[in-house]
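Inside the fold
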Amino acid sequence: MFCQVVFPLPFRKAFTYSIPDEFTDSVKVGVRVVAPFGKRVLTGFVVAISKTADIKEKIKPISDVLDEKPIFDKTALKFYEWISEYYLSSLGEALKNSVPYGTEIESKRRVVSDKDFCEKLLNQERKKTSLRAKLLSVFSQKEVHSISTLQKEVKNKNIYSLLRSFEKIGAVTLLDETSAAKVRAKKVKFVKLEKSIDEIYEKMPEIEKKSPKQVVLLLELLSSKEPVALSELLRRTKSAASTVNSLEKKGLVRIFDKEIERIYTETYKEEPKQIILTEPQQQIINRIYETIEKNIFETFLLHGVTGSGKTQVYIELAKKVIEKGKSVIILVPEISLTPQITSRFYNYFGDLTAVLHSRMSLGERYDSWRRIIAGKSKVVIGPRSALFAPLQNIGLIVVDEEHDQSYKQNDLVPKYHARDAAIIRAKFSECPVVLGSATPSVESMYNALNGKYNLLELPDRIDNAKLPLIKLVDVTIEKKKKRMESIFSREILDEIGNRLKKKESVIILQNRRGFATQVFCNDCGEVVTCPDCSVSMVHHLSKNILQCHYCGIVKHVPKACTNCGSLALKFFGTGTQRVEDELDYYFPGAKIERVDSDSINKKGKLGEILNSFRKGEIDILVGTQMVSKGLDFSNVTLVGVVAAETSLWIPDFRADERTFQLLTQVAGRSGRSEKEGEVIIQTQNQKHFVLQKVLMNDYKGFYEKEILLREQGEYPPFTRIGLIEMKDEKEDRVRAGIREFFDYLRKYGKGLKMTPPTEAIIYKIKGNYRFQILVKSHKKFDPSGKQLRNAILNSFVEFNQKSRFKDVRLIIDIDPQSII
């Protein structure tokens, strides 16, 4: 027997391996196997099994099987094939999403150097800047190296031939080490009684004479009736392990290993409420349930204003799906949303709920994943990666806040969009998919109005709650009237004061982290920028440092201007730390808490903050866009926005849409019960059409204007776009490489619109220069985007075969969410 295996590497083909007799029963389509790959050992996925193989070369056997049950079936495999084909990745790279990080087995090559010999060779080198000299310099300082760190240190990937020549003369030794999986099932030692209760009591007097501690242990075990964890038993009885070992030698107890599950518990808790559905909610549930009943695929866009009860619709639908013996995937944007929605699902479904997200430990994620494979969990909640949960028999997929840009994978290949991929997964699973939002993306609303999706609407809030009153405050006018107190208008401060007197809660949004967003010199105008990125450094007051938010580099705050030596340094701009600091000054008695990625980096911290806020222990919550999403607190009656423009000025075709969504979403946190809510937005441009539409809560008006702008600019939903980016530490190499790629694109992309290679808006990140090409294909002539993808793929293949710049990093992003 033979199996076809794909690896999470950028190879577009499967590799054939023979199946040794001992693995014949355990190798199935969908399991992972460990196999030799060149000189390495890697974990791959079995995608096919055959009795014959038409390969002339010697076929290697697989060396191990990692899974008892398949991770994916034939339906899921079709979905992963679509992901790899649409987002231009290999099938192995797409399948890598189906398993939690840390479970793979692979070999890593290590280089061990003879430091003294390498130093001697380095002294003989004439040209100290050569690649050979650079490598010898690294080898003479440290003994053990990985290939990837060596490549980074010498800033060159082509080091293999030099390594082989060093190995021949005995300067280095190359070793292949196979590393085990980083995470595995957790086993804990337990203790249980081996004899009957009567026999134990008989022996007690004899034991008590010699070792009273052993009696204490036995009495503890007798009272527990169940086996007890060894560590717990020793803690309870204040005993040493040797006492238990003595009892085991006497045959009275047995110590054994038991597998235990690491369960992630959310620090945020909500009491279950008795909820009566409104008539519109019931109608929507009935309409979607028709498709669940008939097992048919349909896409629904649920456009419900903030506070209209969309989460309850998802819960009721999930109940019906579970009753039918099927499973549910609930996608939520980012981790910030999960504490509230998770606790609500736990209240209804208990242990049938599994959470998957990156704030969990490796072990918790692995055990959650194993529960899903074993069929113990039927409801999976999490951000974009939860879409790949190994669920069988899916009956419903929900994408909450479908407009959110965090559904796009920007860091790894394939660069999928979870909303679009969810629709395809539902199609292959023959079940409905529900996209929910108060501010649907322009693309989704366009598809709904054109009949591709079904539009369902919840125009009113539940519990007779009214939409909040929104006010725009023009800070330029307020400054002239001398009604500004530092970064706040007098109006916003007065309203915060009123709310605090009434014991009501306040949310303040400022979409920048840090204290001041720029440090500049008043004399020469020099701005302190990151040495590796073309952006300004951000001042963090709590640690008194400057930090780059793109590469993370940290600098001390300069005492004087580094350009002219002047002491007139100004801190300009406003981050969340400064907002918190100023509020602390104006309201010294208020309890203020900040929510941004700096303040909630500790596990469970966000849940704790939200718990305190719900109970009224925190008066003011200050945060970045994290506070705009999905939070539902009945006591919030005021939302303040420090600066509406932070996202309007970004040179990106989605900037207007992002700003409208962010402001409408954060406004929606106010007045979610019988208490009326108010929203005050500070702006420097109150006549801007986006802000006017937010003021009138007019999504329809915003959509109509935005869709015209998109059509004129030939942007989605009228076109499909692909973004080609190249980056390297040497500017001339990137420039030449991207020009060459552009020539291939022109050859293969007849009928496509493409911008000539240009510098990216943020020209340099982490020391790499960035150049981009934007490729568009009109949906009239290329409805599925196949022409666009073929042109890019063919150019990529030829570039890789012929170009001398093929080691310059090339990134292909189909349907990018941002072109910065």
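Relevant structure appears above.
Note that this is a predicted model, so its numbers are computed, not measured.

As for the overall build of the protein
- Secondary structure summary: the protein contains 25 helices and 36 strands in total.
- Against the globule reference of 28 Å for 820 residues, the protein gives a C-alpha radius of gyration of 31 Å, in line with a compact fold.
- Each principal axis of the C-alpha distribution contributes one length, and for the protein these read about 90 × 80 × 65 Å.
- Every one of the 820 residues in the protein was classed for burial, and the buried ones make up 54%.
- By sequence separation, contacts in the protein at least 24 residues apart represent 75% of the contacts at least 6 residues apart.
- As displayed, the protein has an accessible area near 38,700 Å², and 50% of this comes from carbon and sulfur atoms.
- Charged side chains of the protein number 133 positive and 106 negative; the gap between the two group centres comes to 4 Å.

Regarding the environment of L277
- Relative to the assigned elements, L277 resides in the loop between β11 (253–260) and α11 (279–294).
- L277 gets classed as partly exposed once you look at its relative accessible area, which sits at 22%.
- In this structure the C-alpha to C-alpha distance between L277 and E617, which are 340 residues apart in sequence, comes to 31 Å.
- Non-local contacts of L277, meaning those with residues more than four positions away in its chain, are made with Q282, I285, Q312 and E316.

Some words on the sheet that holds strand β2 (residues 15–18)
- A sheet is described by the order of its strands in space; here 5 strands give the open sequence β2-β1-β4-β3-β5, paired in antiparallel fashion. Since the sheet does not close on itself, it has two edges, and those belong to β2 and β5 (64–65), each with one partner.
- Judged from the 2 bridges that link them, strand β3 (residues 32–37) and β5 form a sheet pairing that is antiparallel. Residue V34 lies in a different strand from β5, and its bridge partner there is D64.

Considerations on a nonpolar patch on the surface
- Together, I197, Y201 and L219 make up a nonpolar patch on the protein surface, roughly 310 Å² of accessible area in all.
- Along the chain, the position of I197 falls in helix α7 (residues 197–210).

Notes on the packing of aromatic side chains
- For the structure on display, the rule yields 31 aromatic pairs.
- Judged by centre distance (6.2 Å) and plane angle (35°), the rings of F190 and F256 are tilted. Separated by 66 residues along the polypeptide, F190 in strand β9 (residues 186–193) and F256 in strand β11 bring together distant segments of the chain.
- Look at F256 and you get buried, because its relative accessible area is 18%.
- Taking 4.4 Å as the distance between ring centres and 0° as the angle between the ring planes, the aromatic pair formed by F660 and F702 counts as stacked. Here F660, found in helix α21 (residues 655–667), pairs with F702, found in helix α23 (residues 699–713); they are 42 residues apart in sequence, far enough to count as distant.
- Using a relative accessible area of 1% as the deciding quantity, one classes F660 as buried.
- Seen from the ring of F689, K705 lies directly overhead, with NZ or CZ sitting 4.3 Å from the centre.

Description of the packing of helix α4 (residues 131–141) against helix α6 (residues 160–168)
- Relative to each other, α4 and α6 sit at 60°, their axes nearing to 11 Å. Viewed along their axes, α4 and α6 adopt a mutual orientation that is oblique. α6 is crossed by α4, and the crossing has right-handed handedness. Along its contact with α4, which presents L131, R132, L135, L136 and F139, the element α6 presents L162, L163 and F166.
- Of the residues in the contact of α4 with α6, the class split is 7 nonpolar, no polar and 1 charged.

Quick word on the nonpolar core
- Core analysis: the biggest nonpolar cluster contains 114 residues, and Y80, I83, L331, I724 and I773 have the highest contact counts within it.
- Counting residues per element, this core draws most heavily on helix α1 (residues 74–86), which supplies 7 residues.
- With 26 residues, the next largest nonpolar core counts I285, I292, V434 and L456 among its residues.

Some words on the pattern of salt bridges
- All chains considered together, the criterion is met by 43 salt bridges.
- Ionic pairing is found between K471 and E491, a salt bridge with its closest N-O pair at 3.2 Å. Taken as a pair, K471 in strand β19 (residues 469–474) and E491 in helix α18 (residues 490–501) lie far apart in primary sequence, 20 residues in all.
- Assessed through its relative accessible area of 29%, K471 is described here as partly exposed.
- Between R710 and E657 there is a salt bridge, with its nearest N and O atoms 2.6 Å apart. Of this pair, R710 sits in helix α23 while E657 sits in helix α21, and the two are 53 residues apart along the sequence. There is no split in this pair, since R710 and E657 are both buried.
- Bridged by salt links that share partners, the residues K471, E491, E495, R499, E504 and E678 form one connected network.

Observations concerning the packing of helix α16 (residues 442–449) against α23
- Orientation of α16 relative to α23, taken along the N-to-C sense of each, is 95°, at an axis distance of 11 Å. Between α16 and α23, the angle is such that the two are roughly perpendicular. Touching V442, E443, M445, Y446 and L449 of α16 are Y699, Y703, E706, I707 and R710, all from α23.

Overview of the layout of surface pockets
- Space inside the second largest pocket adds up to approximately 1,000 Å³.
- Forming the walls of the second largest pocket are 46 residues, and the residues nearest its centre are K273, I275, R344, I462 and D632.
- Of all the secondary structure elements, the ones that give two or more residues to the lining of the second largest pocket are α12 (310–323), α13 (338–349) and α20 (605–615).
- Of the residues belonging to the lining of the second largest pocket, the class tally is 16 nonpolar, 17 polar and 13 charged.

Topic: helix α19 (residues 576–586)
- For α19, every residue scored as buried is listed here: T576, Q577, R578, V579, E582 and L583.
- Contacts from the buried residues of α19 go to β21 (488–489), α18, β22 (505–509), β24 (538–540), β28 (592–595) and β29 (620–623).

Some thoughts on the sheet that holds β24
- With respect to topology, 3 strands assemble into an open sheet ordered β24-β25-β26, the strand pairing being antiparallel. Lying at the two open borders of the sheet, with one neighbouring strand each, are β24 and β26 (554–556). For this sheet, the mean angle separating the axes of adjacent strands, direction not counted, is 35°.

Some words on helix α14 (residues 362–373)
- In a regular helix each residue adds 1.5 Å, so 12 residues correspond to 16 Å; α14 covers 17 Å between its end C-alpha atoms and thus fits that length.
- Judged by how many residues are buried, α14 sits mostly within the fold: 9 of 12 residues are covered.
- Buried residues of α14: G363, E364, Y366, D367, S368, W369, R371, I372 and I373, and no others.
- Where α14 is buried, its residues touch β3, β11, β14 (353–355) and β15 (379–382).
- Just beyond α14, the residue with positive phi is G375, at close to 80°.

Thresholds applied
- Residues numbered from 1 in each chain as written.
- Predicted model: local features only at pLDDT ≥ 70, side-chain atom pairs only at ≥ 80, totals over all residues.
- Heavy atoms only, no water.
- Helix = DSSP H or I, 4+ residues; strand = E, 2+ residues; numbered from the N terminus.
- Rg over C-alpha atoms; globule rule 2.2 N^0.38 Å.
- Buried < 20%, exposed > 50% of the residue type's maximum accessible area, 1.4 Å probe, protein only.
- Contact = heavy atoms within 4.5 Å.
- Areas by Shrake-Rupley, 256 points an atom, 1.4 Å probe, with all protein chains shown as cover.
- Lys, Arg positive; Asp, Glu negative; His and termini not counted.
- Charge placed at Lys NZ, Arg CZ, Asp CG, Glu CD.
- Pairing = 2+ DSSP bridges.
- Patch = residues over 30% accessible without salt bridge, like charges linked within 9 Å, V, L, I, M, F, W, Y side chains within 5 Å.
- Salt bridge = Lys/Arg side-chain N within 4 Å of Asp/Glu carboxyl O.
- Phe/Tyr/Trp six-rings, centres within 6.5 Å; stacked < 30°, edge-to-face > 60°.
- Lys NZ or Arg CZ within 6 Å of the ring centre and 35° of its normal.
- Axes fitted to C-alpha atoms, helices over the stretch in contact; angles between N-to-C directions.
- Parallel < 35°, antiparallel > 145°, perpendicular 65-115°, else oblique.
- Left-handed = near helix turned anticlockwise from the far one by under 90°.
- Nonpolar A, V, L, I, M, F, W, Y, C, P; charged D, E, K, R; others polar.
- Core = buried A, V, L, I, M, F, W, Y, C linked by side-chain atoms within 4.5 Å.
- 1 Å grid on protein atoms, 1.4 Å probe; cavity = no way out; pocket = protein on both sides within 12 Å on 5 of 7 lines; lining within 4 Å.
- Points joined across faces, edges and corners; volume = space filled by probe spheres on them.
- Expected span 1.5 Å × (residues − 1).

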